[in-house]
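A look at the structure
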Amino acid sequence: MSESFPRMYARTRRFTLGVPRGFTVSPDGGRVVFLRSRDGTDPVTCLWELDVDSGTERLVVDPARIGGEEGELPPEERARRERAREGAGGVVGYATDTAVTVAAFTLSGVLYAADLASGEVRELATPGAAFDPRPSPDGLRVAYVTGGALRVQDLESGTDRALAEPESATVTYGQAEFIAAEELDRMRGYWWSPDGRALLAARVDEAPVGTWYLADPANPASPAAEQRYPAAGTPNALVELFVLGLDGSRVAVPFEHEYLATAAWDRHGLSVVTVSRDQKSIRLLSADPATGASTLVREDTDAAWVDIVGGVPARLPDGTLVWTADSEGGRRLLVGDRPVTPPTLQVRDVVAVDGDAVVFRASGGDPAEIAVWAYQDGSLRLVSPDEPGVYAAQAAGGTVVLSGQTLASPAGPEYTVLRDGVTAARIASRAERPGVELRVSLIRTGERELSTAVLLPSWHTPGSARLPVLMDPYGGPHFQRVTAAASAYSASQWLADQGFAVVIADGRGTPGRGPAFEREVLHDLATPVLEDQVDALQGAAAAYPDDLDLTRVAIRGWSFGGYLAALAVLRRPDVFHAAVAGAPVTDWRLYDTAYTERYLGDPGVDAEPYERSGLIADAGKLDRPLLLIHGLADDNVVAAHTLRLSSALLAAGRPHTVLPLSGVTHMTPQEVVAENLLLLQVDFLKKALG
């Protein structure tokens, strides 16, 4: 690799370009449609199709060929990509009909439909920039959102009409609101009926939500961007559901809970999943599309919070419900009302229902490993290899697209197409290799046996010298850094090669070890996670006594990891000697409702968890070097978090460094920014640790 790692890391969008993704398997299992750019530095994503029998790939949509070079994105698409952490361009999303014969997608707001048999791609005229197109199940029509209106176009005649139009500037139809997309993993706002004659659509009114103004001080002539942001303890958007018929009918589908988690509409009926504002209750409702009346199918409750699990509800061919629930210390797969997985197998999500088989992902004894399983005819079988790693899948018609990688897979994930359990084809990844020599060991540390990764420089001789330590965590709920996958450690290995022993630890609150372990952070996002970082550090030092120098320990992180980094030097300066905090949450009252209230409750009812978890009051304790980094265009963790902490530090007379990033959002997609951020962090940490 001729370019430096930081440059390649930036150019390749963290080595994600060229990686196949977005798989759709045809009902007969004979074809696989997927997304992938041409190579590992090409940011333009194309749509491809694989013929399973021949193993032949065919390029279906190349944005350059159809004149669809990416230009200015509609605001809705920019927001969706930010919520999805999408860093590429081109065809970054698509949807198909049931038979997988038609694919719909947009490029810079222009709507296209691709005939997957002939390869013909048509541009469809729309009255405005199109967003989130979805063909009807029969492939005769395509629905999409524009200007907050939900519209349907007939693909044969070109007739285009609105099914619902916004009644005011704060209303949209068919579009997921901020909370749904950012915190509930619901990126869509409408669902076709199985006969293609109606749609279930969300009506979102943001009028109750407070308006925030995100200005760019580097460009004072530009007006501040207005954003409706539901901060903790404040009103959410009002979300309602309607069945909109192609015949012009409109039926309300009322529900009581605050949050619409997801919906599903198949030949077994219309299902709606809702979650209460305090997130202690989740309901599965069966709704009558003709009347809107709903029946409670099941309700699960938890004294701390309930979890929304991807892929459910689902149904077997006979209509039997597929669901998940927590019991006996585990997150378990339910078929009907019966748990069919042991409590030691922590279900992550349901991938697909393929005939009578339920395909799902789960972790066993080691949370760093995620395997693909299938439940069928009363028995469980392992679909992925028994080699420890991280695996994912998509399935239909007896065909499974299995992706997986291990710590011994420096080239990244491999993509295997299984037909009736036998390898039928492979899908090539065109991603660049990181070009680092991975030296990572996964160990369990401390009294809680925390999942911990230790990375030493590739040039280091064990026991030859004690190295300064760099903790590199995320550390927050619902996300883990320590996995048995090589691609998770490329940046950390590069940091190690700069002269650090890098330690990454997943403490309480992180997934894969069961509901009780995750719920240890209830009402306190500071104490347990910080204790576990200290515990993991000491455990790593005990395992590598001649390689880690605990008199020189730094910590860095982004988002929750940035919060944790700042927390570490403020509250445990005896352990941590320098920190880089990127986009940190510093005052949890400034973060959104669904995430924050899930863990800390309503600040209007009990403010103590917010005081216990916030950083502002700790400003006077700082006596270690601290670098704060924040994108001024960040609409998720807004820059006010860093600015308020900086003001408190200044008022307390505590020196610190602030790096503001003009025009940069939460995911820092710009190449120059991403490259130099790595270099600047290393420079700061080396100077801070002497």
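To keep things clear, this report deals only with the structure shown in the data block. Predicted model only: the values in this text are computed from it and were never measured. (Residues numbered from 1 in each chain as written. Predicted model: local features only at pLDDT ≥ 70, side-chain atom pairs only at ≥ 80, totals over all residues. Heavy atoms only, no water.)

A word on the environment of alanine 225
The line we're drawing: Helix numbers and strand numbers start at the N terminus; a helix is a DSSP run of H or I with at least 4 residues, a strand a run of E with at least 2. Only protein chains enter the calculation, and the probe is 1.4 Å; a residue is then buried if its accessible area is under 20% of its type maximum, exposed if over 50%, and partly exposed in between. Residues count as neighbours in contact if any of their non-hydrogen atoms are within 4.5 Å of one another.
Summarising the element assignment, alanine 225 is placed in strand β18 (residues 225-228). Assessed through its relative accessible area of 43%, alanine 225 is described here as partly exposed. Other than its neighbours up to four places away in sequence, alanine 225 contacts Trp212, Tyr213 and Leu214.

Things to note about the packing of helix α6 (residues 527-543) against helix α7 (residues 560-571)
What describes two packed helices is the angle between their axes and the distance between those same axes. Keep this limit in mind: In this description, a line fitted to the C-alpha atoms serves as the axis of each element, helices being fitted only across the stretch in contact, and the angle between N-to-C directions of two axes falls anywhere from 0 to 180 degrees. Should an angle lie under 35 degrees it is considered roughly parallel, over 145 roughly antiparallel, and from 65 to 115 roughly perpendicular; all remaining angles are considered oblique. Residues are grouped as follows: Ala, Val, Leu, Ile, Met, Phe, Trp, Tyr, Cys and Pro are nonpolar; Asp, Glu, Lys and Arg are charged; all remaining types, including Gly, are polar.
Two numbers describe how α6 lies on α7: the axes approach to 10 Å, and their chain directions differ by 75°. Relative to α7, the element α6 lies roughly perpendicular. Side by side, α6 and α7 meet where Val529, Leu530 and Gln533 of the first sit next to Phe560, Leu564, Leu567, Ala568 and Arg571 of the second. Among the residues forming the contact of α6 with α7, the class breakdown is 6 nonpolar, 1 polar and 1 charged.

Some details on helix α11 (residues 671-689)
Quick note on the threshold: Under the convention used throughout, the expected extent of a helix is 1.5 Å for every residue step, that is, one less than its residue count.
With 19 residues, α11 extends 28 Å between its outermost C-alpha atoms, agreeing within 8% with the 27 Å of an ideal straight helix rising 1.5 Å per residue. Taken together, the buried positions of α11 are Val673, Ala674, Glu675, Leu677, Leu678, Gln681, Val682, Phe684, Leu685 and Leu689. Once α11 finishes, glycine 690 follows within two positions and takes phi at roughly 75°, a positive value.

Examining the sheet that holds strand β44 (residues 657-661)
Definition in use: Paired strands, as defined in this entry, are two strands with at least two bridges between them according to DSSP.
The mixed open sheet is built from 8 strands, whose spatial order is β37-β38-β40-β39-β41-β42-β43-β44. With one partner strand each, in any of the chains shown, β37 (440-445) and β44 form the two edges of the open sheet. Neighbour to neighbour, the strand axes of the sheet diverge by 20° on average, direction disregarded. Strand direction decides the pairing type here: β37 and strand β38 (residues 450-455), joined by 6 bridges, are antiparallel. Residue arginine 444 lies in a different strand from β38, and its bridge partner there is serine 451.

Examining the sheet that holds strand β13 (residues 160-164)
The strands that make up a sheet are held in pairs by hydrogen bonds between backbone atoms, and each pair lies either parallel or antiparallel. Here 4 strands make up an open sheet; going across it, the order is β10-β11-β12-β13 and the pairing antiparallel. Every other strand in the sheet has two partners, leaving β10 (131-135) and β13 as the edge strands with one partner each. Strand-to-strand twist of the sheet, defined as the mean angle between neighbouring strand axes without regard to direction, takes the value 25°. Note: strand β11 (residues 141-146) against strand β12 (residues 149-154), 6 bridges, orientation antiparallel. Paired with alanine 143 across the strands is valine 152, a residue of β12.

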